[in-house]
Amino acid sequence: MTQINAAWTKPGSLLDLFFESFRTGEGGVAKLLDHLVIVTMDPAAYEQCQVVHPHCYFLRTSNGVDYRSEKMFMSKDYLEMMWGRNKFQQTIVELGYNFLFTDVDVMWFRDPFKHISMGADIAISSDVFIGDPYSLGNFPNGGFLFVRSCPKTIEFYRHWQEGRYRFYGKHEQDVFNLIKHEMTDSIGISIQFLDTTYISGFCQLSKDLNKICTLHANCCVGLGAKLHDLRNVLDVWRNYTGAPVQEKRAGRFQWKLPGICIH
């Protein structure tokens, strides 16, 4: 599932790029769109979602926030949106469902599921990956997150939500980082941090187009900056997928660097 508001659904905006990445991806990744639920935060986003996708859900909230416009990073409305997203994920786990959450500014080029361990309760992408997928020294990013529904993950989400008030003013990703040690010690939850070679982002960029599965416009603030750099990413990807196998294997394709955020 992914989550959007009206600012991200306008024609030519991030939702269009998100869909395009699946459709130009390799290895049948486009078929995963049949299993995608788009969670919308406002009526306009829900209406636009229904035009372009069969599986849309309107998440009604009662906190008085108008979710239609872009929310600036770490603003009050941004934090409300992020913590509301986290609460919705908690509900999904409590209902007994596993899920993979992806931000809409994640480009999907190949199926990432083969890189998610069957032994992990939570698999989360990394802003910074230090080489060991089970080291708590990795820095998590909640924009790409796989969770198995089980008593451990239900308990984890309960503590994660409580962390909103323990660490007031922090967003959910920072709180995850703050509680990860105590949760592995107290409930024995297994957390896998995903290798940025495959599950990548602007923070720690994979430059091997033969291996990359997803690319997140993280470490990038502002809708305009994300759109600029992700359009360039898709331009390179289209050239890559259209090239002969020998050229792909030779590693001649590189992202357009630097962009506004990507470097």
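In this report, the structure presented in the accompanying data block is examined.

Quick notes on the rules
Residues numbered from 1 in each chain as written. Predicted model: local features only at pLDDT ≥ 70, side-chain atom pairs only at ≥ 80, totals over all residues. Heavy atoms only, no water. Helix = DSSP H or I, 4+ residues; strand = E, 2+ residues; numbered from the N terminus. Expected span 1.5 Å × (residues − 1). Buried < 20%, exposed > 50% of the residue type's maximum accessible area, 1.4 Å probe, protein only. Contact = heavy atoms within 4.5 Å. Pairing = 2+ DSSP bridges. Axes fitted to C-alpha atoms, helices over the stretch in contact; angles between N-to-C directions. Disulfide = S-S within 2.5 Å. Core = buried A, V, L, I, M, F, W, Y, C linked by side-chain atoms within 4.5 Å.

Moving on, we get to helix α6 (residues 223-241). Between its first and last C-alpha, α6 extends 26 Å over 19 residues, near the 27 Å set by a 1.5 Å rise per residue. Among the residues of α6, L223, A225, K226, L227, D229, L230, V233, L234, V236, W237 and Y240 are the ones counted as buried. For α6, the secondary structure elements touched by its buried residues are α1 (14-23), β5 (106-108), β10 (214-216) and α7 (245-249).

What follows concerns the sheet that holds strand β4 (residues 99-102). As summarised here, the arrangement of the four strands in space is β4-β7-β6-β8, forming an open sheet in which the pairing is mixed. Either end of the sheet is taken by a strand with one partner, and the two such strands are β4 and β8 (191-193). Mean inter-strand twist for the sheet, computed between neighbouring axes without regard to direction, equals 35 degrees. Summarising the sheet, strand β6 (residues 122-128) and strand β7 (residues 139-147) pair through six bridges and their orientation is antiparallel. For V128, the partnering residue across the bridge sits in β7 and is F139. Along the sheet, helix α4 (residues 151-166) contacts β4, β6, β7 and β8; its crossing angle with β7, the most-contacted strand, is approximately 140 degrees. The strands that helix α5 (residues 172-186) touches are β6, β7 and β8; relative to β7, the one it contacts most, it runs at about 75 degrees.

This next bit is on the sheet that holds β5. Pairing in this open sheet of three strands is mixed, and the strands run β5-β10-β9 from one edge to the other. Sheet topology places β5 and β9 (199-201) at the edges, where each strand pairs with a single neighbour. For this sheet, the mean angle separating the axes of adjacent strands, direction not counted, is 20 degrees. Summarising the sheet, β5 and β10 pair through three bridges and their orientation is antiparallel. Pairing of W108 across the sheet is with T214, part of β10.

This structure, assessed with the given rule, holds three disulfides. Through a disulfide, C49 is tied to C56; the S-S separation comes to 2.0 Å. The disulfide joining C49 to C56 has a torsion of about -90 degrees about its S-S bond and is therefore left-handed. A residue is classified by how much of its surface remains accessible, and C49, at 0% relative accessible area, is buried. In this model C220 forms its disulfide with C261; the gap between the sulfur atoms is 2.1 Å. Negative torsions about the S-S bond denote left-handed disulfides, and the value of about 70 degrees found for C220 with C261 makes this one right-handed. Note that C220 is positioned in the loop between β10 and α6 and C261 in the segment after α7, a separation of 41 residues in sequence. Pair check on accessibility: C220 and C261 agree, each one buried.

By the criterion of burial, β7 is predominantly enclosed, with eight of the nine residues buried. Here β4 pairs with β7 via four bridges, running antiparallel. Each bridged residue has a counterpart across the sheet, and for T102 the counterpart in β7 is F144.

End to end, α4 covers 22 Å across 16 residues, agreeing with the expected 22 Å (1.5 Å per residue, within 8%). Of all the positions in α4, only T153, F156, Y157, H159, W160, Q161, G163 and R164 are classed as buried.

Judged by nonpolar contacts, the single largest core of 50 residues is most densely connected at L14, F18, W108, F109, F202, L215 and W255. For this core, the element with the most residues is α6, which contributes nine residues. In this structure, F202 is in contact with L215, H216, A217, N218, C220, D229, L230, V233, C261, I262 and H263, ignoring residues within four places of it in sequence. If you look at the next biggest cluster of nonpolar residues, it comprises 29 residues, including M41, W83, I122 and I191.

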